[in-house]
Amino acid sequence: MSEEKQNEKSGGKRRSLLFFGLVGLAVGATVLGLALLVNIFQRKQEARNPFFRVVELTDDTVDPSVWGKNFPLQYDDYLKTTDQVRTRYGGSEAEPRTPTQADPRSIVAQSRLEEDPRLKTMWAGYAFSKDFREERGHAYMLDDQTFTERQQVAKQPGTCINCHASAYVAYKQLGGGDIIKGFEALNKMPYFEARKIVTHPVACIDCHDSQTMQLRVTRPAFIEGIRALKASQGIQNYDVNKQATRQEMRAFVCGQCHDEYHFSGPEKRLVYPWAKGLLVENILAFYDEQKFKDWEHAQTGAPVLKAQHPEFEMWNQGIHARSGVVCADCHMPYKREGALKISDHHVRSPLLNINRACQTCHKWSEDELKARVETIQLRTHNLRNLAMDALIDLINDIKAARDAGRTDSAVVTAQDFQRRAQFYVDFIESENSTGFHAPQEAARILGESINFSRKGQVALRGGIQSASEQAK
Amino acid sequence: MKARLASGIILGVALGMAVGVGAYTFVYARGYSYMTDNAEACVNCHVMQDQFSGWLKSSHRAVAVCNDCHTPPGLVAKYATKARNGFWHSYYFTTGWFEDNIHITQRGAEVAEQACRKCHQEIVQAIEGPHPEAKDAQTSCIRCHRSVGHLH
């Protein structure tokens with residue numbers, strides 16, 4: 001082979017390499033360009049906020065998976081409330097358990113009674129002293145209510161279903177279209193009979209109108225409770241579904257269940273005790289007036305009350321409520337899916353979603369914001385421990401006095417102080433923010449609880465004559 | 001000779017398609033709008049919608065557009081910053097790898113700070129002149145005047 005030919009050959013090789021290289025690059029650039037074009041196209045489509053009506057929804061569509069066909073993004077997030085994630089002072093841990101016939105759950109949340117045995121003393125004689133676990137996400141509300149051991153030690157009414165299931169369509173069925181009548185019928189049923197007519201935990205229809213997707217209140221207890229509250233403020237005949245603003249509704253739909261309640265009378269009507277106001281003393285005064293008690297304390301005979309997750313009441317006392325920031329702003333903050341803006345239906349602790357929940361308003365780092373919240377919670381937690389100790393001391397003192405045969409009026413006074421001290425500490429204990437919803441109010445309530453326990457002990461020693469007079 | 005012609009055609013078509021798709025994408029994505037000072041260009045991709053809405057209601061709406069505060073003075077510096085930010089914004093928006101509540105970068109904050117100081121030189125000097133230590137402390141204008149441009 002001559003040199004020339006060899007040169008020619010290697011030159012040809014180089015040329016074809018260059019050729020294929022250039023074609024390859026051009027192909028690569030075209031592919032990338034098209035991919036980008038499609039992506040931009042998709043974003044532009046998303047930005048038009050498309051809504052595809054795949055199925056027809058009616059005012060009787062309970063099943064959230066049907067709604068999910070029209071609203072897949074919201075439904076996907078809604079399904080995520082099955083997660084079990086801890087925060088420092090709240091959230092649930094997944095604990096394995098061996099399923100039994102009575103309770104087929106293979107996973108439950110950690111027992112709060114084992115974490116703090118003082119709770120057993122506080123609730124002695126009440127079903128909560130048998131089984132009380134950290135709350136899990138919305139997805140579990142129906143199962144955890146159905147299978148709790150509390151069902152085996154006490155006969156529960158159908159009233160529980162109001163907030164442990166998607167009850168709106170059940171109300172309509174029971175009441176022949178009238179939800180108030182359905183509500184009354186449901187309350188009167190035994191729990192397991194009522195349980196049969198519901199299938200889903202809280203679902204789309206409990207907060208949304210099926211035609212307009214607007215928020216609406218479907219729980220008669222809230223409709224009546226907020227009407228009583230507004231009446232106490234001088235607004236008569238308040239109709240929440242007509243008079244509340246859109247922003248208020250973003251708190252009220254959550255307030256349908258996240259509040260203090262009691263079962264009133266033999267018909268077990270679910271009543272939110274707001275006729276005198278939302279403060280803990282207003283609520284206690286309401287119960288005192290009704291001469292209502294949840295049970296008689298097994299160790300002291302005191303007519304005591306069980307406070308139940310008053311998140312709505314406590315949030316109302318805090319700076320966020322004062323600033324017009326509502327439940328959904330932090331627990332269902334806006335998020336982006338591509339160019340689409342939706343509210344996050346994965347309802348959870350804002351501490352697990354700090355960027356979206358807090359940083360919309362607070363321009364500090366995630367670590368800083370978390371540290372602020374946990375400072376408030378640590379202080380509340382420590383103060384709650386002091387209040388709990390004080391209460392246990394009072395309970396022990398009353399028990400000792402009764403064991404010694406005392407029946408004098410000082411014991412009655414001390415029992416009344418126990419009722420107060422216990423309701424106050426339980427108000428914070430059962431509230432699901434460890435003080436964050438209203439830090440100063442939480443501290444005030446715990447401080448007053450400690451004071452009631454102290455006064456109860458003083459009464460036993462002959463110092464105070466009447467609790468009711470003192471408490472005013 | 002025939003082979004040469006064929007490969008020339010293939011190369012031409014391939015390059016032509018790449019350029020064509022690129023040009024179409026550029027027009028479709030309103031790429032040209034990013035060369036302008038029009039504030040609406042910044043909401044092409046909707047991520048800045050909150051900022052844009054905030055600016056529409058802010059005190060600065062009448063005197064400054066996005067570029068006045070978020071790009072440095074000087075033609076070259078301005079377009080270099082636009083190119084840099086534009087690349088990263090497109091990258092994050094295309095991939096979706098960003099947090100919903102976006103935060104300004106250190107570099108972006110410095111550019112904005114210089115913009116405040118450029119227009120409000122007199123008042124800045126009046127504040128910092130007699131207090132040279134204030135200059136060293138680098139007190140940022142938006143530490144107090146956060147909402148003048150837009151709230152978020």
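On a predicted model such as this, the values are computed, not experimentally measured, just so you know.

What counts, and where the lines are drawn
- Residues numbered from 1 in each chain as written.
- Chains lettered and ligands numbered in written order.
- Predicted model: local features only at pLDDT ≥ 70, side-chain atom pairs only at ≥ 80, totals over all residues.
- Helix = DSSP H or I, 4+ residues; strand = E, 2+ residues; numbered from the N terminus.
- Expected span 1.5 Å × (residues − 1).
- Core = buried A, V, L, I, M, F, W, Y, C linked by C-beta atoms within 7 Å.
- Buried ≥ 20, exposed ≤ 12 C-beta atoms within 10 Å, placed from the backbone.
- Contact = placed C-beta atoms within 7 Å.
- Axes fitted to C-alpha atoms, helices over the stretch in contact; angles between N-to-C directions.
- Parallel < 35°, antiparallel > 145°, perpendicular 65-115°, else oblique.
- Left-handed = near helix turned anticlockwise from the far one by under 90°.
- Nonpolar A, V, L, I, M, F, W, Y, C, P; charged D, E, K, R; others polar.
- Arc of directions from axis to C-beta.
- pLDDT = per-residue confidence, 0-100.
- Domains from an automatic or database assignment.

Across its 22 residues, helix α22 (residues 439-460) of chain A extends 32 Å between first and last C-alpha, which sits within 8% of the 32 Å expected from 1.5 Å per residue. Following α22(A) by one or two positions, Gly462(A) adopts a phi angle in the positive range, close to 90 degrees.

The subject of this paragraph is the nonpolar core. Residues and elements named next belong to chain A. Grouped together as the largest cluster of nonpolar side chains are 66 residues, with contacts concentrated most on Ala387, Leu391, Leu394, Ala414, Tyr424, Val425 and Leu446. Here this core gets ten residues from one element, more than from any other, and that element is helix α21 (residues 409-429). With residues near it in sequence (within four places) discarded, Leu391 still touches Met122, Ala421, Gln422, Val425 and Ser453. In terms of nonpolar packing, the next biggest core, distinct from the first, is built from 22 residues, Met141, Cys160, Tyr168 and Ala194 among them.

Glancing now at the packing of helix α20 (residues 366-403) of chain A against α21(A). Residue and element names in this part refer to chain A. Running from N to C, α20 and α21 cross one another at 155 degrees; their axes reach a closest spacing of 10 Å. As the angle between them shows, α20 and α21 are arranged roughly antiparallel. α20 and α21 meet at a crossing whose hand is left-handed. Facing Thr380, Arg384, Ala387, Met388, Leu391, Leu394, Ile395, Ile398, Ala401 and Arg402 of α20, the residues of α21 in contact are Val411, Ala414, Gln415, Phe417, Gln418, Ala421, Gln422, Val425, Ile428 and Glu429.

A few words on the interface of chain B and chain A. Of the residues lining the interface, 18 residues belong to chain B; the matching set on chain A comes to 22 residues. Counting residues per element, the side of chain B that touches chain A draws most heavily on helix α1 (residues 2-28) of chain B, which supplies eleven residues. A class-by-class count of the residues in the side of chain B that touches chain A yields ten nonpolar, six polar and two charged.

The next thing to look at is helix α3 (residues 72-79) of chain A. Residue and element names in this part refer to chain A. By the burial criterion, the buried members of α3 are Gln74, Asp77 and Tyr78. Burial along α3 is one-sided: seen end-on, the buried residues are contained in an arc of 105 degrees. Summarising the contacts, the buried residues of α3 are in contact with α2 (64-70) and β8 (340-343).

Below, the discussion takes up the confidence of the model for chain B. When pLDDT is low, close inspection of the predicted coordinates is not appropriate. For chain B, per-residue confidence averages 88 on the pLDDT scale, and residues scoring 70 or more make up 95% of the total. In the model output, the complex is listed with pTM 0.85 alongside ipTM 0.73.

As a further point, take the packing of α21(A) against α22(A). Residue and element names in this part refer to chain A. Orientation of α21 relative to α22, taken along the N-to-C sense of each, is 165 degrees, at an axis distance of 8 Å. Here α21 is positioned roughly antiparallel relative to α22, judged by the angle of their axes. The handedness of the crossing between α21 and α22 comes out as left-handed. Listed contacts from α22 to Ala410, Thr413, Ala414, Phe417, Gln418, Arg420, Ala421, Tyr424, Val425, Phe427 and Ile428 of α21 are Ala442, Ile445, Leu446, Glu448, Ser449, Phe452, Ser453, Lys455, Gly456, Ala459 and Leu460. In the contact of α21 with α22, the residues fall into 14 nonpolar, five polar and three charged.

Attention now goes to the domain arrangement of chain B. Each assigned domain of chain B is listed with its residue range as follows: domain 1 (1-35) and domain 2 (40-144). Put simply, the middle of domain 1 of chain B and the middle of domain 2 of chain B, counted by C-alpha atoms, are 36 Å apart.

Here the focus is the environment of Tyr191(A). Residues and elements named next belong to chain A. Locating Tyr191 in the fold gives a position in helix α11 (residues 191-195). Residue classification places Tyr191 among the partly exposed positions, given that 18 C-beta atoms sit within 10 Å. Remark: the alpha-carbon pair of Tyr191 and Gly158, spanning 33 residues in sequence, is separated by 4.0 Å. If we ignore the near neighbours within four places in the chain, the residues touching Tyr191 are Gln151, Gln156, Pro157, Gly158 and Cys160.

Let us look at unusual backbone geometry. The phi torsion at Met213(A) lies on the positive side, around 65 degrees, for a residue other than glycine. Mapped onto the fold, Met213(A) is located in the loop between α11 and α12 (220-232).

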